[in-house]
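An overview of the molecular structure
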Amino acid sequence: MKPIDRHQAPSVQAPESPARRWVLLDRDGVINQENPGSYILEPDQWIPIPGSVEAIARLRAAGIGVVILTNQSAIGRGLLDLPTLESIHLRLKRTLEKAGGEIAGIFFCPHHPDEGCECRKPNVGLIRQAEAALGCSLHGAPLVGDQLSDLQAARRAGCRPILVRTGRGNSVALKENGLEEIATYENLSEAVSAILEDTTAHPKP
Ligand SMILES: [Mg+2]
Ligand SMILES: [Zn+2]
């Protein structure tokens, strides 16, 4: 599978297997640690959460494709440039590949929150970009996140929201937002175990 990103033509993922299962992951606070009080601005600051790299490898071993959807407003705020973001993602991909994991694509929103773009979660633009690039619907696909905006984007796009308690996940108030029935796990490793046990959720026939 050839990696893709949002700046490449969406011709990549030939639908060799239209019924392929996909899992969507937020990046910061789900795969890697947050940088407290700041953003991930350099490759050295990208530090995986224990168990997350292995969890992504388990998805691959099960034949499930993994896509990352990440808000990177540090770009719009002038704190981070695209080449540096690419080098951060190179570190991410190399770390995963060493463990037997693989990422089909990383879709990011580079905008400042004030820009009112369509791609910043909780909007669904990143999910739609992924669907266009993959050539398939992501309806029903699990989307694992640590913030309310991840869960809301999943809801709006028809994906299956899953909350992890890593990153900012402990401060998400599900009940106050009408989301009390959302599946919640301690970390990505536990969430992936649950996804792998559920053989019926996605895709739907
Ligand atoms: Mg996050
Ligand atoms: Zn955006």
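Right above here is the structure, for reference.
Report follows, based on the coordinates. Note that the structure is predicted; figures quoted are calculated from it, not measured.

Rules used in this analysis
Residues numbered from 1 in each chain as written. Chains lettered and ligands numbered in written order. Predicted model: local features only at pLDDT ≥ 70, side-chain atom pairs only at ≥ 80, totals over all residues. Helix = DSSP H or I, 4+ residues; strand = E, 2+ residues; numbered from the N terminus. Buried ≥ 20, exposed ≤ 12 C-beta atoms within 10 Å, placed from the backbone. Arc of directions from axis to C-beta. Contact = placed C-beta atoms within 7 Å. Core = buried A, V, L, I, M, F, W, Y, C linked by C-beta atoms within 7 Å. Axes fitted to C-alpha atoms, helices over the stretch in contact; angles between N-to-C directions. Parallel < 35°, antiparallel > 145°, perpendicular 65-115°, else oblique. Left-handed = near helix turned anticlockwise from the far one by under 90°. Nonpolar A, V, L, I, M, F, W, Y, C, P; charged D, E, K, R; others polar.

The next thing to look at is the environment of Ser 137. Relative to the elements of secondary structure, Ser 137 occurs in the loop between helix 4 (125-134) and strand 5 (142-145). Separated by 22 residues in sequence, Ser 137 and Cys 159 have C-alpha atoms that sit 9.7 Å apart.

Count 3.6 residues to each turn of an α-helix, and residues three or four apart come out pointing the same way. Looking only at helix 6 (residues 188-197), the buried set comprises Leu 188, Ala 191, Val 192 and Ile 195. Take helix 6 and look down its axis: the buried residues cluster within an arc of 100 degrees, on one side only. On the buried face of helix 6, the contacting elements are strand 2 (22-25), helix 1 (52-61), strand 5, strand 6 (160-164) and strand 7 (183-185).

Turning our attention to the nonpolar core. Ranked by internal contacts, the top residues of the largest apolar core, which has 52 residues, are Leu 24, Val 67, Ile 127, Ala 130 and Leu 188. Setting aside its immediate chain neighbours within four residues, Val 67 contacts Trp 22, Leu 24, Ala 104, Gly 105, Phe 107 and Ala 130.

Before going further, it helps to spend a moment on unusual backbone geometry. With an omega dihedral of 20 degrees, the bond running from Lys 121 to Pro 122 counts as a cis peptide bond. With respect to the helices, strands and loops of the structure, Pro 122 is situated in the loop between strand 4 (105-109) and helix 4.

Our focus in this paragraph is the packing of helix 1 against helix 6. In contact at an axis separation of 8 Å, helix 1 and helix 6 are set at 15 degrees when each is read in the N-to-C sense. Taken together, the axes of helix 1 and helix 6 lie roughly parallel to each other. Here helix 1 runs over helix 6; the crossing is left-handed. Contact residues: helix 1 offers Ser 52, Glu 54, Ala 55, Arg 58 and Leu 59, while helix 6 offers Leu 188, Ser 189, Val 192 and Leu 196. Of the residues assigned to the contact of helix 1 with helix 6, the class counts are 5 nonpolar, 2 polar and 2 charged.

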